[in-house]
Structure formats: C-alpha cells, structure tokens
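Secondary and tertiary structure notes
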Amino acid sequence: MIRTIKGLLWKILGTFLAKNLAPSQAPFTPNEIHSVLVIRPDRLGDVVLSTPVYASIKKSFPNIKLTVLVKKGQKEILLENPYIDRIIVFDPKNILKTLGTLRAEKYDLATVLNLVFSSTAAFFALLSRAPWRAGYDTSQGKDFFNLIVPKKNKLLHETQHNLDVLRFLKFPIIEESPNLFIEENVKKEVESLIADKVRFPDRPLVLIKPGTRVLKWGWRIDNFKETIKQLIESEEVEIFILQ
C-alpha cells in the first residue's frame, strides 16, 4: 500500500515537473551536446564502477563540460579524476545547497545510471532543467526521462549497465575499465600500510569486504565464506578482509 502511494506521488511529481521540459522535435545527437550532468548519488562501489562513463564521455567529445553529482562521502575518490570538470555534492542534510549549486549551471544532458529507479536521482535530473534526460526504462522513469534506455534481458556487470546508457546515446568511444586517480601522497600512505600487514609480498593482494547494504541485491555471507576459503586454499593470493 505504502509503495503504491509513493509510486503515485512520484508519477504526479514527475508529470508536473517534466511538462515544460520537453526537448525540441530534433533527434538527440551527442556531438551537439556541450554540457553533461551524470547523477550517481549512491554507494562507494557504484561510484567506482561509474568511472568508465566519465572517461568515455570525455574521450568521445573532449570539449564537453562534465559535471558529476555524488553523495558527500564519495567526493574524495573523484577529486583527481582528469575527466571530471566539476563535482556537485549531495548532502541530504543540506539539500537546498545542493539544489542551488545544481541549478546554477546549464546542462544539455542529464544522465541517471541507476538500473533500478532512484527517486533521488530522477528528482535531480528534472531539477537540473536539462532538456535531455536519460535513464533506464522503468514504470516510474517514463515520467522523468525523455531518453529511455531499454533494459537487457540478461545479467550484466554494473559497469556494463552504466556504459549501456552511453551506448544507447551513441557516444562513439567506450572505455570499459574502472579507474581511480589517487594523489601521490595518499598512494604512499596506503602502500606503507599494506607493507606493514602483508605476509606474502610476492602474491597479488585481494581485498574482500563481506556483506551488502541491500540484502536482496547482494551476495549471501556463505558465498563470501566459500570464496575466501577457496582463495586461501589456492595459496596464490594474499587476502585482506575489510570490516
């Protein structure tokens, strides 16, 4: 019942906000886009797996101004990314500041990468006032987006779901590997920390963080246990378990 009411409210809100934001009748052409907003107000892993999107956009069209909206806690991992021109921080405790920063810029395209409908991301896409808004095909999303990305009937890595948005939009260059750009002093600090902890310095290092915030989307703990067990028995890697 609550979910039905919430869905109805979002439908009404989406219809109300989107009615004056329809694009011209001209077809979408990415080479005419000058400013892009990528919205990913999610968890750390989701943001890391979105990094190929930023590289793909900039390598396809180097003159595009690329802005990324992420949660406050995820900003640091993107600060050194050379493909991002601007980062907007989403702070739920200061949402008015986020909205003010968002609306101070003009965007030609706003993209939401979430495969599952995110009311927060869709809300920011609408309030960006971008004439083109791209997002995945969901019952709620049709009221927020005017570039509807079809879902594929097969399981894909999250990176590929993210990049499929750009493929649908006909961006010519697709970079598939996630990449983090870290300051040299931070690298040295991490290397020093690892050096103090490793037992087998000649082996590749595997980091494992068991568990998931959303149980229905994540691995069961037994799967993590079995993976760790097999890796230990292989005697081919060093394992760090993160809490």
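These lines cover the structure that appears in this document, whether it is placed above or below. These numbers were taken from a predicted model, which means no experiment stands behind them. (Residues numbered from 1 in each chain as written. Predicted model: local features only at pLDDT ≥ 70, side-chain atom pairs only at ≥ 80, totals over all residues. Heavy atoms only, no water.)

Let's shift gears to helix H5 (residues 119–127). Burial within H5 is extensive, with eight of its nine residues counted as buried. Within H5, the full set of buried residues consists of Ser119, Ala121, Ala122, Phe123, Phe124, Ala125, Leu126 and Leu127. Once H5 finishes, Arg129 follows within two positions and takes phi at roughly 65 degrees, a positive value. (Buried < 20%, exposed > 50% of the residue type's maximum accessible area, 1.4 Å probe, protein only. Helix = DSSP H or I, 4+ residues; strand = E, 2+ residues; numbered from the N terminus.)

By the definition in use, this model includes one cavity of 30 Å³ or more. Size it by volume and the largest cavity reaches roughly 50 Å³. Lining the largest cavity are Val112, Asn114, Leu115, Val116, Phe117, Ser118, Ala122, Tyr136, Thr138 and Phe145. Its residues assigned to classes, the lining of the largest cavity comprises seven nonpolar, three polar and no charged. (1 Å grid on protein atoms, 1.4 Å probe; cavity = no way out; pocket = protein on both sides within 12 Å on 5 of 7 lines; lining within 4 Å. Points joined across faces, edges and corners; volume = space filled by probe spheres on them. Nonpolar A, V, L, I, M, F, W, Y, C, P; charged D, E, K, R; others polar.)

Time to look at the pairing of strand E5 (residues 132–136). Counting buried positions along E5 yields five of five residues, so the element is predominantly enclosed. Relative to E5, strand E4 (residues 109–112) is paired through three bridges, and the arrangement is parallel. The partner of Thr111 across the bridge, within E5, is Ala134. Taken together, E4, H5 and E5 constitute a β-α-β crossover, and its handedness is right-handed. One ladder, built from three bridges, connects E5 with strand E6 (residues 147–149); its direction is parallel. Residue pairing for E6: Gly135 is matched across the bridge by Ile148. (Pairing = 2+ DSSP bridges. Right-handed = clockwise from strand over helix to strand, strands pointing away.)

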